[in-house]
Amino acid sequence: MFMITQRILQICLIILVGFLVSCEDLENELAKDFTTSTSNVMFNLNLTVENNSTDSDTPIAFTVTVTRLDTHVIRQDAQMIGFWSLSSQSIDGETQNISQYPQDIEFYEDNSYSKQVPNTVSGETDYFGGNWIYDKPTHNLTLISQGDTSLIQTTFDYSGAVIPLDGYMMWNYTDAGYSFNETYQKTMEPSTSFDEPFTYIYMDVSGGDISGTTYPDYAEIEAVVENKLDAQFTVTGMFEPGLDFDQGNIAVSLYNELYGTIVVNMQIAIKFLD
């Protein structure tokens, strides 16, 4: 008799566990129906609504989440790029008068460079050019021009990835047995910014209105997503059903100049009240 009772209890426990698992699976499936998402190389865009069916008197809460999938990396040699003017020069420790021979040098994104050395007395200008390689860990700048290679120890007065306007670059090198120390000032910004472009969220609805968002101007929201993996930016709001509609839709797009546009949307069934 005891064995039979124990067996019945085991069967009941199995049935109960199966029921609970089935309920959990059902709940997960229902949750999936209320969530839609899409991704590009940098971000995942997720739209979740508390329900995809309502009546004309009951608003629906929604959440928009942007998650970073990868980090924005600035090229390690970006410090070099820009237009620089010679600010000071010393040879073997003696300060030189550079007013007669000012020098401008521009480093381009394609790793080419051009150098201009005008003679303020004669009015003539000498032009030089070639290719450059900058190894940030060792601070070594290599200039290659017409088969000649120059190795220059290069440091900056700013530790960031991109040197701001009026920042300084310091050179130390030897040439023909002489020791040179030169300082260049950044006098013109490069044509391209190396910072990650701003990311924007755009929201629109049909069959109703948006209210109660965490950002009042929901038509365009700057999504400030920290530059680290899995960082998130979240917007919440309410979908207010329209009185004369049986169908609504929430559409959300995410735009970044580098990564393009991705879009998600969720349809909402609106029931008429008797």
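Since this is a predicted model, take the numbers as computed values, not measurements.

**A closer look at the nonpolar core**
Stage number 1. With 30 residues, the main nonpolar core has Phe62, Val64, Ile201, Met203 and Val252 as its most contacted residues.
Stage number 2. Elements supplying a minimum of two residues to this core: strand S2 (43–49), strand S4 (60–68), strand S14 (199–206), strand S17 (232–241), strand S18 (247–256) and strand S19 (260–271).
Stage number 3. Sequence-distant contacts of Phe62, that is, excluding residues within four places in its chain, are made with Leu47, Thr48, Val49, Met203, Ile210, Thr213, Val235, Thr236, Gly237, Met238, Phe239 and Ile250.
Stage number 4. Counting residues in each nonpolar core, the second largest holds 22 residues, with Ile98, Trp132, Leu143 and Phe194 among its members.

**Structural notes on the sheet that holds S4**
Stage number 1. With antiparallel pairing, the five strands of this open sheet are ordered in space as S1-S2-S4-S17-S15. This sheet does not close on itself; its edge strands, each paired only once, are strand S1 (35–39) and strand S15 (208–211). Each neighbouring strand pair of the sheet contributes to a mean axis angle of 20 degrees, computed without reference to strand direction.
Stage number 2. Judged from the five bridges that link them, S1 and S2 form a sheet pairing that is antiparallel.

**Points about the pattern of salt bridges**
Pairing of side chains with opposite charge becomes possible as their charged atoms draw close.
Stage number 1. Per the stated rule, a full pass over the model turns up three salt bridges.
Stage number 2. Note that Glu196 and Arg68 form a salt bridge whose closest N and O atoms lie 2.9 Å from each other. With Glu196 in the loop between strand S13 (178–188) and S14 and Arg68 in strand S4, the pair connects residues that are 128 residues apart, well separated along the chain.
Stage number 3. The exposure class assigned to Glu196 is partly exposed, which follows from its relative accessible area of 21%.
Stage number 4. The buried category is assigned to Arg68, whose relative accessible area is 1%.
Stage number 5. Residue Glu226 is joined to Lys228 by a salt bridge in which the shortest nitrogen-to-oxygen separation is 3.9 Å.
Stage number 6. Relative accessible area serves as the criterion here: at 45%, Lys228 is assigned to the partly exposed category.

Conventions adopted
- Residues numbered from 1 in each chain as written.
- Predicted model: local features only at pLDDT ≥ 70, side-chain atom pairs only at ≥ 80, totals over all residues.
- Heavy atoms only, no water.
- Core = buried A, V, L, I, M, F, W, Y, C linked by side-chain atoms within 4.5 Å.
- Buried < 20%, exposed > 50% of the residue type's maximum accessible area, 1.4 Å probe, protein only.
- Helix = DSSP H or I, 4+ residues; strand = E, 2+ residues; numbered from the N terminus.
- Contact = heavy atoms within 4.5 Å.
- Pairing = 2+ DSSP bridges.
- Axes fitted to C-alpha atoms, helices over the stretch in contact; angles between N-to-C directions.
- Salt bridge = Lys/Arg side-chain N within 4 Å of Asp/Glu carboxyl O.

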